[in-house]
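Survey of secondary and tertiary structure
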Amino acid sequence: MEDTVRTWVEVDGEALRHNLAWVRRQIGPGRGILAVVKANAYGHGGRLVARALAHDTAVFGVANVSEAIELGDAAGGRDIMLLSPCFPAERRVAVERGFIATVSSADEAAAFAGFGPVRVNFKIDTGMGRAGCNAQSAGPELARLAGLDSVRVHSISTHLPCADGDSGFTRHQLEAFQEIAASARQFFPGVLRHSLNSAGILLGGFDQADLVRPGLLLYGVSPTPDAHPPLRPALSWKARVVLTRVLPAGSSVSYGRDFTTSSELPTAIVSVGYADGFPRQLSGRGACVLIRGVRCPVLGRVTMDQIVVDTRGVSGVESGDVAVLIGQDGKECLTANEMADRAGTISWDILTGLGRRVAHVPSPGGGMAFASTESP
Ligand SMILES: *Cc1c(COP(=O)(O)O)cnc(C)c1O
């Protein structure tokens with residue numbers, strides 16, 4: 001990495017492929033993977049990730065039309081599904097580009113079909129309370145969908161709000177979904193059924209799944225603290241030390257003066273801040289970065305562009321040194337889940353919160369082929 005790049009992530013293509021292969025082994029043959037690459041592939045770089053995963057991906061899942069367009073040729077000709085609803089003004093381009101639209105009603109499907117033949121994912125709300133058709137009205141809606149000439153129902157799906165916790169509720173949801181999916185199959189014999197996100201995949205039980213929809217698992221992060229699937233985190237986040245100083249005893253550090261040195265203290269300023277997605281909520285929470293393989297506590301508040309860390313445990317720190325924010329350094333490792341816990345949020349939020357100033361590079365030896373001129 002060039003000496004002047006302040007903060008960047010390294011993305012490991014081998015790890016992505018390892019994680020995809022692990023999902024494949026869980027679900028067995030004869031089922032497809034809908035690889036979720038929305039939000040710039042959870043901060044990993046949408047196009048880079050799509051290229052690394054296309055070989056065993058049936059469908060790429062993105063949130064919206066602009067993400068789908070951005071994926072473009074990196075999707076390797078795989079189908080692209082829009083997981084969130086479209087605005088009316090987006091329907092024409094969705095149809096023209098052949099994206100699979102997620103719809104909650106026959107009327108919504110018909111509105112797409114006004115622009116030409118369309119494939120849709122018919123979503124059923126079995127307990128998420130977000131998009132989807134009310135489970136009670138699924139039957140009549142399916143009959144109406146079957147009457148629409150230009151609509152092909154590619155798949156029928158539902159979403160699980162608590163597959164990582166409430167297994168009773170999840171089982172109930174899956175049963176309701178299976179019943180609806182069975183009647184959908186009478187109207188649309190080849191329709192694909194999908195309901196399992198990462199936490200759902202960890203629950204197992206793939207009999208009724210023609211596709212699974214992993215996001216977080218592909219990036220090598222467990223969706224629950226209780227499960228430890230043998231995955232490899234695909235992303236390391238780094239930033240450079242930009243200045244080192246020894247603060248005298250009694251010096252206060254950062255805004256609000258929440259921290260004061262009790263003795264002389266060697267410190268380093270690391271060039272990352274909340275504008276880069278390093279959570280401001282980590283202030284005063286015992287967060288660390290790794291410098292030369294040593295945990296260095298963050299002192300005082302996280303600022304927009306910089307953090308101050310305690311380098312007592314490590315000698316010879318100088319400007320330009322690399323600090324690891326997420327990832328391995330020697331024997332020490334910091335995970336996205338650990339950062340999320342300390343910040344009072346979830347790893348999805350940490351990864352998708354990576355800021356625009358964070359550069360993307362392939363991990364050394366990660367087998368990720370992409371042009372250095374390409375933005376991820
Ligand atoms: C984001 C998303 C997923 C992936 O969720 P993970 O928990 O990251 O696996 C799956 N399905 C839908 C509909 C989504 O929006």
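Note that this is a predicted model, so its numbers are computed, not measured.

1. Notes on the packing of helix α6 (residues 106–113) against helix α7 (residues 138–146)
When two helices pack together, their arrangement is captured by the angle between the axes and the distance separating the axes. One way to put it is that α6 packs onto α7 with a least axis distance of 9 Å and a crossing angle of 20°. Judged by the inter-axis angle, α6 sits roughly parallel to α7. Crossing of α6 over α7 shows right-handed handedness. Residue-level inspection shows A106, D107 and A109 of α6 in contact with α7, the latter providing E141, R144 and L145. Split into classes, the residues belonging to the contact of α6 with α7 amount to three nonpolar, no polar and three charged.

2. Quick notes on the pattern of salt bridges
Summed over the entire model, instances satisfying the criterion amount to 19 salt bridges. Salt-bridge contacts for R342 lead to E338; the nearest nitrogen and oxygen are separated by 3.4 Å. Of this pair, R342 and E338 both sit in helix α10 (residues 336–343), four residues apart, roughly one helical turn. Residue classification places E338 among the partly exposed positions, given a relative accessible area of 22%. Among the charged side chains, a network of salt bridges with common partners joins R295, E332, E338 and R342.

3. Regarding helix α1 (residues 13–27)
With 15 residues, α1 ought to run about 21 Å at 1.5 Å a step, and its terminal C-alpha atoms sit 21 Å apart, in line with that. Looking at the buried positions of α1, the neighbouring elements they touch are β1 (7–11), β2 (32–36), α3 (46–53), α9 (198–203) and β10 (211–212). Of the residues flanking the start of α1, the one acting as N-cap is D12, its side-chain oxygen 2.9 Å from the backbone nitrogen of E14.

4. Remarks on the packing of α7 against helix α8 (residues 167–187)
Contact geometry for α7 and α8: axes closest at 10 Å, N-to-C directions at 20°. As judged from the angle between their axes, α7 and α8 are roughly parallel. Judged by the sense of rotation from one axis to the other, the crossing of α7 with α8 is right-handed. Of the residues in α8, those in contact with A138, L142, A143 and A146 of α7 are I180, S183, A184 and F187. Classifying every residue of the contact of α7 with α8 by side-chain character gives seven nonpolar, one polar and no charged.

5. Considering the site of the ligand
Taken together, the neighbourhood of the ligand is formed by V36, K38, Y42, K123, H159, N197, S198, R213, P214, G215, L216 and W348. One of the backbone nitrogen or oxygen atoms of G215 is found 2.9 Å away from an oxygen atom of the ligand. One of the side-chain nitrogen or oxygen atoms of W348 is found 2.9 Å away from an oxygen atom of the ligand. Taken by itself the ligand offers 390 Å² of open surface, and the protein chains cover 91% of this. In the shell around the ligand, the residues fall into five nonpolar, four polar and three charged.

6. Regarding the packing of aromatic side chains
On inspection of all chains with the given rule, the structure shows three aromatic pairs. Centroid distance F187 to F188: 6.0 Å. Interplanar angle 40°. Geometry classified as tilted. Classification of F187 by relative accessible area gives partly exposed; the value is 38%. The class for F188 is buried, based on a relative accessible area of 12%. Positioned above the aromatic ring of F112 is the side chain of R91, whose terminal nitrogen or guanidinium carbon lies 5.5 Å from the ring centre.

7. Section: the pairing of strand β16 (residues 294–299)
Pairing of strand β15 (residues 288–291) with β16, which is carried by four bridges, proceeds in the antiparallel orientation. Paired with L290 across the strands is R295, a residue of β16. Here β15 folds back onto β16, and the loop between the two strands holds two residues, one of which, R292, carries a positive phi near 50°. One ladder, built from two bridges, connects β16 with strand β17 (residues 307–310); its direction is antiparallel. In the strand pairing of β17, L299 is matched with V308.

Calculation criteria
Residues numbered from 1 in each chain as written. Predicted model: local features only at pLDDT ≥ 70, side-chain atom pairs only at ≥ 80, totals over all residues. Heavy atoms only, no water. Axes fitted to C-alpha atoms, helices over the stretch in contact; angles between N-to-C directions. Helix = DSSP H or I, 4+ residues; strand = E, 2+ residues; numbered from the N terminus. Parallel < 35°, antiparallel > 145°, perpendicular 65-115°, else oblique. Left-handed = near helix turned anticlockwise from the far one by under 90°. Contact = heavy atoms within 4.5 Å. Nonpolar A, V, L, I, M, F, W, Y, C, P; charged D, E, K, R; others polar. Salt bridge = Lys/Arg side-chain N within 4 Å of Asp/Glu carboxyl O. Buried < 20%, exposed > 50% of the residue type's maximum accessible area, 1.4 Å probe, protein only. Expected span 1.5 Å × (residues − 1). Polar contact = N/O pair within 3.5 Å; in protein donor to acceptor, adjacent residues only side chain to side chain. Near = heavy atom within 4 Å. Areas by Shrake-Rupley, 256 points an atom, 1.4 Å probe, with all protein chains shown as cover. Phe/Tyr/Trp six-rings, centres within 6.5 Å; stacked < 30°, edge-to-face > 60°. Lys NZ or Arg CZ within 6 Å of the ring centre and 35° of its normal. Pairing = 2+ DSSP bridges.

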